[in-house]
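Residue-level structural notes
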Amino acid sequence: MSARSLSKDQQQALLDAARAAQLKAYAPYSKFLVGAAVLDDQGRVHAGCNVENAAYPEGVCAEAGALSAMVLAGGQRARAVLVVGTGGEWITPCGGCRQRLREFCAPDTPILTASDVAMGPQFTMAQLLPGGFGPDHLEAKGTKP
Ligand code: THU
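Residues numbered from 1 in each chain as written. Predicted model: local features only at pLDDT ≥ 70, side-chain atom pairs only at ≥ 80, totals over all residues. Heavy atoms only, no water.

Description of the site of the ligand
Neighbouring the ligand are S30, F32, V34, N50, E52, C61, A62, E63, T92, P93 and C94. For the ligand, an oxygen atom lies 2.5 Å from a polar atom in the side chain of E52. C94 has a polar backbone atom sitting 2.9 Å from an oxygen atom of the ligand. Here the ligand loses 76% of its free accessible area of 380 Å² to cover by the protein chains. Taken together, the residues of the shell around the ligand sort by class into six nonpolar, three polar and two charged. (Near = heavy atom within 4 Å. Polar contact = N/O pair within 3.5 Å; in protein donor to acceptor, adjacent residues only side chain to side chain. Areas by Shrake-Rupley, 256 points an atom, 1.4 Å probe, with all protein chains shown as cover. Nonpolar A, V, L, I, M, F, W, Y, C, P; charged D, E, K, R; others polar.)

This is how it looks when you write it as structure tokens:
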């Protein structure tokens, strides 16, 4: 799906779901609440929030939660993603989440950004993770150079 073919209604549904998820975030350590939403190949929206942990590295990002919800519901591909930052700041997915998203996105999959008060800029998967490693590379497994 190109960025242009994402309807206003779909964008609004992603924004509403991500903002609702953000309100549920468990981020007592960073106080940085994040919400994410994924539009799947069946037109459904799945959301996630960040869930931190007293053992800091064990916290999980909002995008990971949204992807997990998509997979649990039987979704196979992410057609669009939206991430909401906090404190008036829009954010892009962290490096680890770019790789997580790469698994389910096409190079031209739109990744939308927003803050808790406004939309931010829009990117594609390939812009955020150029030349990324993905499932397609594993199709060559077993061959020798
Ligand atoms: N965080 C996300 O949930 N997604 C991102 O893409 C960036 C960072 C969370 C992790 C942590 O709970 C908090 O934001 C501050 O890093």
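A look at the environment of E63
With respect to the element layout, E63 can be found in helix α2 (residues 62-72). Sequence spacing of E63 and A36 is 27 residues, and the spatial spacing of their C-alpha atoms is 5.3 Å. When residues no more than four places from it in sequence are discounted, the contact partners of E63 are A36, V83, P93, C94, C97 and L101. (Helix = DSSP H or I, 4+ residues; strand = E, 2+ residues; numbered from the N terminus. Contact = heavy atoms within 4.5 Å.)

Digging into the sheet that holds strand β2 (residues 45-49)
The strand order β2-β1-β3-β4-β5 describes an open sheet built from five strands, whose pairing is mixed. Unpaired on one side and paired on the other, β2 and β5 (119-124) mark the two borders of the sheet. Within the sheet, the average angular offset between the axes of one strand and its neighbour, ignoring direction, is 20°. As defined by bridge partners, strand β3 (residues 78-84) adjoins strand β4 (residues 110-114) across four bridges and the pair is classed as parallel. In the sheet register, V83 faces β4, and the bridge partner there is T113. Together, β1 (35-40), β2, β3, β4 and β5 form the strand contacts of helix α1 (residues 8-22), whose direction differs from that of β1 by roughly 145°. Across the face of the sheet, α2 comes into contact with β1, β2 and β3 while running at roughly 145° to β2. (Pairing = 2+ DSSP bridges. Axes fitted to C-alpha atoms, helices over the stretch in contact; angles between N-to-C directions.)

Describing a nonpolar patch on the surface
Residues Y26, Y29, V51, Y56 and V60 make up a contiguous nonpolar surface patch of about 520 Å² in total accessible area. With respect to the helices and strands, V60 occurs in the loop between β2 and α2. (Patch = residues over 30% accessible without salt bridge, like charges linked within 9 Å, V, L, I, M, F, W, Y side chains within 5 Å. Salt bridge = Lys/Arg side-chain N within 4 Å of Asp/Glu carboxyl O.)

Here's the deal with the side chain of Q11
When you line up the elements, Q11 lands in helix α1. Its relative accessible area of 18% is what places Q11 among the buried residues. Look past the residues within four positions of Q11 in its chain and what remains in contact with it is L6, L82, L112 and M119. (Buried < 20%, exposed > 50% of the residue type's maximum accessible area, 1.4 Å probe, protein only.)

Considering the packing of aromatic side chains
Under the criterion given, the structure shown has two aromatic pairs. With centroids separated by 5.5 Å and ring planes inclined at 45°, the aromatic side chains of Y29 and Y56 adopt a geometry described as tilted. With Y29 in the loop between α1 and β1 and Y56 in the loop between β2 and α2, this residue pair connects regions lying 27 residues apart in the sequence. Residue Y56 is classed as exposed on the basis of its relative accessible area of 61%. Ring centres of W90 and F123 lie 6.3 Å apart, and the angle between their planes is 40°; this geometry places the pair in the tilted category. Placement of the pair is W90 in the loop between β3 and α3 (95-102) and F123 in strand β5, with a sequence separation of 33 residues. The class of F123 is partly exposed, set by a relative accessible area of 21%. (Phe/Tyr/Trp six-rings, centres within 6.5 Å; stacked < 30°, edge-to-face > 60°.)

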